[in-house]
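# Examination of the molecular architecture
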Amino acid sequence: MTQLTLINTIGEWLIDQALDEPDIIEMFDSVCQRLFGAGVPIARARLTWTTLHPLFSAETILWKRGQDIEFEQFHHRENQSDEWETSPMKYMLENDVDTIRRQLDGPNKLVDFGILDELIAQKMTDYLVIGTGFTEKGKFTKDDGLGMIVTWSSDRPGGFSNDDIASLQKSQ
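Residues numbered from 1 in each chain as written. Predicted model: local features only at pLDDT ≥ 70, side-chain atom pairs only at ≥ 80, totals over all residues. Heavy atoms only, no water.

## What to know about the packing of aromatic side chains
Counted under the stated rule, the structure contains two aromatic pairs. Between the aromatic rings of Phe28 and Trp152, the centroid separation amounts to 6.2 Å while the plane-to-plane angle is 45°, which identifies the pairing as tilted. Of this pair, Phe28 sits in helix H2 (residues 24-37) while Trp152 sits in strand E6 (residues 147-154), placing them 124 residues apart in sequence. Each member of the pair Phe28 and Trp152 is classed as buried. (Phe/Tyr/Trp six-rings, centres within 6.5 Å; stacked < 30°, edge-to-face > 60°. Helix = DSSP H or I, 4+ residues; strand = E, 2+ residues; numbered from the N terminus. Buried < 20%, exposed > 50% of the residue type's maximum accessible area, 1.4 Å probe, protein only.)

Here it is in structure tokens:
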């Protein structure tokens, strides 16, 4: 079976799951496990989405290969954290960008967001961020603020291949 065939199978599984009432944490864990099993070299992934909740503005799930899943909720705040101010997610929202990639080693290494130093310390070699809006346009912008952003990190030397990136984009 080719990687594309496996990714299509994951996509079909994901659609079936979404039509039910899935536990989002278990579903994201399973997606990450399945992608890794299909040969996509993910070592770390984070799913973040906005909420329409009186107490929380967003929720996030952090998956790290071989570790327990972490779930966090972000309270509404008047002032943004320093972490948010230097994040690729903020950059994406403010500049109408739906994908960011940063290679974290080799000749194309680029470290221009705060989180990237942390990822390099964790031996990550590549970082990909993909945003998907929940509106008709499918874009996640600060104007509507409804959508999800997934970050994908690899620890494989050389990072993600073009096929890996296409697989991650297709799965989202």
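## Section: the environment of Ile24
Checked against the element boundaries, Ile24 lands in helix H2. Classification of Ile24 as partly exposed rests on a relative accessible area of 33%. Ile24 sits 37 residues away from Ile61 along the chain, and the two C-alpha atoms are 8.8 Å apart.

## Looking at the nonpolar core
Phe28, Leu35, Ile42, Trp152, Phe160 and Leu168 are the most contacted members of the largest nonpolar core, which has 25 residues in total. The set of elements that each furnish at least two residues to this core consists of helix H1 (3-19), H2, strand E1 (42-50), strand E2 (56-64), strand E5 (126-133), E6 and helix H6 (162-171). If one sorts the elements of this core by residue count, H2 sits on top with five residues. Dropping the residues within four chain positions of it, Ile42 is found in contact with Cys32, Leu35, Phe36, Trp63, Arg65, Trp152, Ser153, Phe160 and Leu168. Core analysis: the next-biggest nonpolar cluster, separate from the first, contains twelve residues, Met89, Leu104, Leu119 and Met124 among them. (Core = buried A, V, L, I, M, F, W, Y, C linked by side-chain atoms within 4.5 Å. Contact = heavy atoms within 4.5 Å.)

## Structural notes on unusual backbone geometry
Positive phi, normally seen in glycine, also occurs at Asp96, with a value near 55°. You can see Asp96 is positioned in the loop between helix H4 (88-95) and strand E4 (99-103). Located in the positive-phi region is Lys123, a residue other than glycine, with phi close to 70°. Note that Lys123 resides in the loop between helix H5 (114-121) and E5. Of the residues examined, Lys123 reaches a relative accessible area of 63% and is grouped as exposed.

## Observations concerning the pattern of salt bridges
Within this structure, the stated rule accounts for seven salt bridges. The shortest N-O distance in the salt bridge between Glu94 and Lys90 comes to 3.4 Å. Here Glu94 and its partner Lys90 are both found in helix H4, four residues apart, which amounts to about one turn of the helix. Its relative accessible area of 43% is what places Glu94 among the partly exposed residues. A salt bridge links Asp126 to Arg101, with the nearest nitrogen and oxygen atoms 2.6 Å apart. (Salt bridge = Lys/Arg side-chain N within 4 Å of Asp/Glu carboxyl O.)

## Side note on the side chain of Thr48
Topologically, Thr48 is positioned in strand E1. Of note is the side chain of Thr48, whose polar atom sits 2.9 Å from the side chain of Thr60. (Polar contact = N/O pair within 3.5 Å; in protein donor to acceptor, adjacent residues only side chain to side chain.)

## With respect to H6
Residues Asp164, Ile165, Ser167, Leu168 and Ser171 constitute the buried set of H6. When H6 is viewed along its axis, its buried side chains cluster within an angular range of 160° and face the same direction. Those residues of H6 that are exposed and aimed more than 90 degrees away from the buried face are Asn162 and Asp163. (Arc of directions from axis to C-beta.)

## Here we look at H2
In a regular helix each residue adds 1.5 Å, so 14 residues correspond to 20 Å; H2 covers 20 Å between its end C-alpha atoms and thus fits that length. Listing the buried residues of H2 in full gives Met27, Phe28, Ser30, Val31, Cys32 and Leu35. Structurally, the start of H2 carries an N-cap: the backbone nitrogen of Ile25 is 2.9 Å from a side-chain oxygen of Asp23. One or two positions beyond H2, positive phi appears at Gly39, with a value near 105°. (Expected span 1.5 Å × (residues − 1).)

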